[in-house]
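Residue strings, one per chain:
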Amino acid sequence: MRHLGTKQIQTPRLVLRRFQIGDASKMYEDWASDEEVTRYLTWAAHGSQEETESILKSWVEGYGEADRYLWCIEWKETAEPIGSIGVTKLIEQARLVELGYFISRRFWNQGVATEAVQAVMDFFFDEVGVNRVESRHDPRNPYSGKVMEACGMHYEGTRVEADYNNSGICDEVLYGLTKKQRMGAKTEKNMISDEIIAYVGILAKLGLSPEEKEKAKKDLGEMLDYVDKLNELDTAGVEPMAHVFPMANVFREDVVTNQDDRENMLKNAPETKGGSYLVPKAVE
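All of these numbers come straight from a predicted model, not from anything done at the bench.

Student: Any chance you could explain the nonpolar core here in plain terms?
Tutor: Counting 34 residues, the largest nonpolar core has Leu 16, Trp 71, Val 117, Met 121, Phe 124 and Val 133 as its most contacted members. Elements supplying a minimum of two residues to this core: β2 (14–17), β3 (70–75), β4 (80–91), β5 (96–103), α3 (112–128), α4 (142–150) and β8 (168–178). Membership of the second largest hydrophobic core comes to 13 residues, among which are Phe 19, Ala 32, Val 37 and Tyr 63.

Quick look at the structure:
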């Protein structure tokens, strides 16, 4: 894996960034002290803002490690921290990461967690080079599982009384997605190589950063996938047309009429001469 650390990621509504000590006040008031938010987590709700500050300090200090992945979920519109997402387990040899996440109760059931998880999954697959992303949840918290499903993870089974959280010993519902599963039916020809992107950059005279190259590879691959889907359509018996929709001329045919009513035409002219407009010379 090519570890990049907690790199900032943006989505339509969110900024996923590193935590800062200045987040303590809002974090404590909004969700770190909320027992509803922490009900199915392994850490208890914070008892004071000082406790939140102490924990944040340890988190911030940990950002020096390249394989440290812990994002603050920031609501872009107000720049306020509304939750967290990060790696709870990393197995280098298996190129595997496990994700854990939670958000403020104010933002439940709005697709926010799904938006954050999807962005982080894309980051790990496309930039870090993981082979598998997985997550787990307490079956008494089914909404967390719906987030995993919405992000393309597959249900892999339930381990009975194999985990614990603030609600006690619990079952563990497992979800996961491998790189191969993510690619799905994508054929080898649609996997854009670094060499192709470099060549396209030269032709287009673009100086692409490593992040832009990875995004371009993904976008081009998805476009080719879409073309493949279009090619699957059965067009046998469909007559070719010049346009995909029937075309009709919206303009009427020219009709010649006598409009030479010179008297009315010249009525408001500043000057006339010989039945015509008199205009000053444009060029002397």
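Having seen the structure, we can now continue with the description.
Student: How do you make sense of the pattern of salt bridges when you look at a structure like this?
Tutor: Opposite charge on two side chains lets them pair, provided their charged atoms get close. A full pass over the atoms with the stated rule returns 22 salt bridges. Linking Glu 98 and Arg 136 is a salt bridge whose minimum nitrogen-to-oxygen distance equals 2.9 Å. Remark: Arg 136 occurs in strand β6 (residues 132–137) and Glu 98 occurs in strand β5; sequence separation between them is 38 residues. Given a relative accessible area of 4%, Glu 98 falls into the buried group.

Student: I keep staring at helix α2 (residues 49–61) and nothing clicks. Help me out?
Tutor: What sets the pattern is the α-helix's 3.6 residues per turn: residues three or four places apart point alike. The end-to-end C-alpha distance of α2 is 18 Å, a good match for the 18 Å that 13 residues give at a rise of 1.5 Å each. Check the buried side of α2 and you find it contacts α1 (24–32) and β3.

Student: Would you take a moment to explain unusual backbone geometry for this structure?
Tutor: Leaving glycine aside, a negative phi is the common case for residues, and trans is the common case for peptide bonds. With a phi angle near 60°, Asn 109 is a residue other than glycine that sits in the positive phi range. Considering the arrangement of structural elements, one finds Asn 109 in the loop between β5 and α3. Positive phi outside glycine occurs at Lys 205, with the angle close to 55°.

Each value, and the rule that gives it
- Residues numbered from 1 in each chain as written.
- Predicted model: local features only at pLDDT ≥ 70, side-chain atom pairs only at ≥ 80, totals over all residues.
- Heavy atoms only, no water.
- Core = buried A, V, L, I, M, F, W, Y, C linked by side-chain atoms within 4.5 Å.
- Buried < 20%, exposed > 50% of the residue type's maximum accessible area, 1.4 Å probe, protein only.
- Helix = DSSP H or I, 4+ residues; strand = E, 2+ residues; numbered from the N terminus.
- Salt bridge = Lys/Arg side-chain N within 4 Å of Asp/Glu carboxyl O.
- Expected span 1.5 Å × (residues − 1).
- Contact = heavy atoms within 4.5 Å.

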